[in-house]
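# Observations on the three-dimensional arrangement
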Amino acid sequence: MTPHSDSSQPDASRPVSPRATTARQITLHAISKRYGDHVVLDGLGLVLEPGSVTALTGPNGVGKTTAARLLLGLEMPDAGTISGLHGLQRSAVFQEDRLCGHLDAVANVRLVLDRERRSGSAARAAAKSELALVGIEGDDASKPVRDLSGGQRRRVAIARAMAARSDLVVLDEPFTGLDAETKPAVMAYVRERLTGRTAVLITHDPAEVEFFAARIVRLRQGPGLVV
Amino acid sequence: MTSTSPDKTGTVTRAVARRIGAAAFWLAVWQAAAVAVHRDFLLASPMQVARTLVNLLPTGDFWGTIGWSLGRIALGFTGAAVLGAVLAISSAAWPVARALWEPAIAAIRSAPVVSFIILLLLWTDSSHLPVFTSLLMVLPVMYANVLQGIAQRDPRMLEAAQVFRMPFRRRLVAIDIPAALPFLAAACRVGVGLAWKSGVAAEVIGVATGSIGERLYEAKVFLSSTDLFAWTIVIVVLSVACERLLLRALRSVPGAPVRAA
C-alpha cells in the first residue's frame, strides 16, 4: 500500500476531507437505553466538541456500540436528550464492513459520494484516488469486494467512510482485521482525513487512542459515566 | 488454458446418460400404451406426434400461431411482474397499501382460473383473454415473492444506506434489487409455467382465433390426439425456453447470485 505515515506534511494531490460546513457541539444528556429488560445505557452524559476525537472505551456489553448507534441516528434513546445532531451529516465505519459484495471497491465508495461528486468519470476518479490512499489499487479496486481479503474489505469500508461528506464520523473498532504491515499507514490516513471533523472512536486498544490523541471516555456498567 | 478433470467429465456424462435413459423409458411407456390402446384418436404414438411436429415446423401458420400466443402470454406475464413489483414495494413502504392490496391478492390467488376466464369473456373479446388471464394468475406469485425479497434485505446494509444518506435509486440498485433477485427468479420459474397454462386454457375456452388454444380446441373437435400431443409439446418447449431465457437475463443483472434460487 502507499506509505504515508507522516500526516503533518499535507499532499496537495490528495482529496480534501469532505466535511460539511457546520461545526457544532454535540451533547448527550442523561441518556438511557434498554433492550427488553436489559439496561444498556443508564444516564449517559457526553459532550463532543467540534473537530475533536473522542475515544469510547470499556468492557464488552457496556454500551459503546449503542452510544454510537444513537449518534448515527439508528436508535432513539428511551430517556434523555441528544442535541446538535439535527441536520448533521454523518458517516461510519461499522463493526462489520457493510459493503455491497457484488460491487467493486470503486462503486462502493461512489455510492456515498455527495451529489456534486457522484456521477461521471470525476466520481470514479475521486473514488479511485480515495482507495489508493488505503492501498486498494489496480485489479483490487475493480473486482467485486466479496473477492477481496478481509483486510482489504476493511480498508474499503474505511475509505468509504472518509470519502463521504460528513461532520461526524463514528469509527466502531475500525482497524480490526488489518495486518501489522498496513495498519499504521491506514491509521495515519484516517487521522489526516479526520482533520476538522468530529469523531468518535470505539476501541479496546490504548495505542489507537494515543495515536489519535483522543479524549478518553470510559463507559462502565450501571448508572452514570466515568471519564 | 482450462482443463476439465476426468472425475467432473465422468459425472456430467453420467448425468446426461441418466436423463436420456429416463426420456427413453417414458417414450417406451408411451409407445407401449399407444400399441395397447390401438386407437389413434384416443392415444397417438410418439412417432405419429413426431411426424405431425415435423410437418408443422416449416409452415408459416405454425409460427404465426406461436407468435400470437407468445406475444399475449408474454404481455400478461410482464404486466404481472411490473404490477406485482409495484404493489409489493408499496406494501413494504406503507401498511395502508398492504392492508388494501392483500385481500385482493388473496382473492385472486384462491379463485378458480375459469371464473376469471368467464368473467373476462363477458368484459372483453377473446383476443385479450390470454393477456388478462395470465396476468391475474401470475400476479399473486410475483407480489408474494417480491414482498419476501424486500423483507429479506440485510438490515445492516439498510442502516449503512441510512447513515450515508444513499439516494433511493442508488439504494435500489445496490441493496434492494440484489436482495430481491433470488425471490424474483423463483417467482419467474413458477410464473412462466403458470402464465402458459392459464393463458392457453383461456384461449381454449374463448376459442381465440389464431391461437395455440384454438389448435387445441380443434384437436378436441376433430378427435385428434396427435395434434393435441404435438401442440402440448410445443407449449411445454415454449414454456421451458421462456423460463430459461428469463433466468439467464436475471443472472446477468449486477448483484445477481451466480445461480439464482
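Analysis parameters
Residues numbered from 1 in each chain as written. Chains lettered and ligands numbered in written order. Predicted model: local features only at pLDDT ≥ 70, side-chain atom pairs only at ≥ 80, totals over all residues. Helix = DSSP H or I, 4+ residues; strand = E, 2+ residues; numbered from the N terminus. Buried ≥ 20, exposed ≤ 12 C-beta atoms within 10 Å, placed from the backbone. Contact = placed C-beta atoms within 7 Å. Pairing = 2+ DSSP bridges. Axes fitted to C-alpha atoms, helices over the stretch in contact; angles between N-to-C directions. Core = buried A, V, L, I, M, F, W, Y, C linked by C-beta atoms within 7 Å. Arc of directions from axis to C-beta. Domains from an automatic or database assignment. Nonpolar A, V, L, I, M, F, W, Y, C, P; charged D, E, K, R; others polar.

### What about the overall build of chain A?
- Looking only at helices and strands, one finds eight helices and eight strands in chain A.
- For chain A, with 227 residues in total, the buried portion stands at 43%.
- Look at the contacts in chain A between residues 6 or more apart in sequence, and 75% of them connect residues 24 or more apart.

### A short note on the sheet that holds strand 2 (residues 38–48) of chain A
Residues and elements named next belong to chain A.
- The strand order across the open sheet formed by three strands is 2-1-4, and the pairing between neighbours is antiparallel. Two strands bound the open sheet, and with one partner strand each, they are strand 2 and strand 4 (79–83). Direction aside, the axes of adjacent strands within the sheet are offset by 20° on average.
- Packed on one face of the sheet, helix 1 (residues 64–71) meets strand 1 (26–35), strand 2 and strand 4 and runs near 60° to strand 2.

### Observations regarding the nonpolar core
- With 70 residues, the main nonpolar core has A:L131, A:V156, A:I158, A:A159, A:V170 and A:V200 as its most contacted residues.
- Top contributing element to this core by residue count: helix 6 (residues 150–163) of chain A, with seven residues.
- Leaving out residues up to four positions away in the same chain, A:V156 has contacts with A:L99, A:A105, A:N108, A:L131, A:I136, A:V145 and A:L148.
- One finds B:A74, B:V138, B:V146 and B:F183 within the second-largest nonpolar core, a separate group that totals 53 residues.

### Considering helix 7 (residues 183–193) of chain A
Residue and element names in this part refer to chain A.
- Residues of helix 7 that are buried: V186, M187, Y189, V190 and R193. Looking straight down helix 7, one finds its buried side chains confined to an arc of 160°; they lie on one side.
- Lining the buried residues of helix 7 we find helix 6 and helix 8 (206–211).

### Notes on helix 1 of chain A
All names here are of chain A.
- Within helix 1, seven of the eight residues are buried, which leaves the element mostly enclosed by the surrounding structure.
- What helix 1 keeps buried is the set K64, T66, A67, A68, R69, L70 and L71.
- As for helix 1, its buried residues are in contact with strand 1, strand 2, strand 3 (53–57), strand 4, strand 6 (168–172) and strand 7 (198–202).
- Following helix 1 by one or two positions, G73 has its phi on the positive side, about 80°.

### A few points about unusual backbone geometry
- Phi is positive for A:A213, which is not a glycine, with a value near 50°.
- Its place among the elements puts A:A213 in the loop between helix 8 and strand 8 (215–218).
- The class of A:A213 is exposed, set by 10 C-beta atoms lying within 10 Å.
- Backbone geometry places B:L223, a non-glycine residue, at a positive phi of 50°.
- Tracing the sequence through the fold places B:L223 in the loop between helix 9 (212–221) and helix 10 (225–251).

### Looking at the domain arrangement of chain B
Residues and elements named next belong to chain B.
- If you check the domain split of chain B, you get domain 1 (1–38) and domain 2 (43–251).
- Between domain 1 and domain 2, the residue contacts involve six residues of the former and four residues of the latter.
- Residues of the side of domain 1 that touches domain 2, tallied by class, amount to five nonpolar, one polar and no charged.

### Quick word on the interface of chain A and chain B
- Contacts between chain A and chain B engage 14 residues on the former and 14 residues on the latter.
- Taken together, the residues of the side of chain A that touches chain B break down into nine nonpolar, two polar and three charged.

### A look at the sheet that holds strand 8 of chain A
All names here are of chain A.
- With parallel pairing, the five strands of this open sheet are ordered in space as 5-6-7-3-8. In this open sheet, the two strands that pair with only one neighbour each are strand 5 (90–93) and strand 8. Going across the sheet, the axis of each strand differs from the next one's by a mean of 20°, ignoring polarity.
- In this structure, strand 5 lies alongside strand 6, joined through four bridges in parallel fashion.

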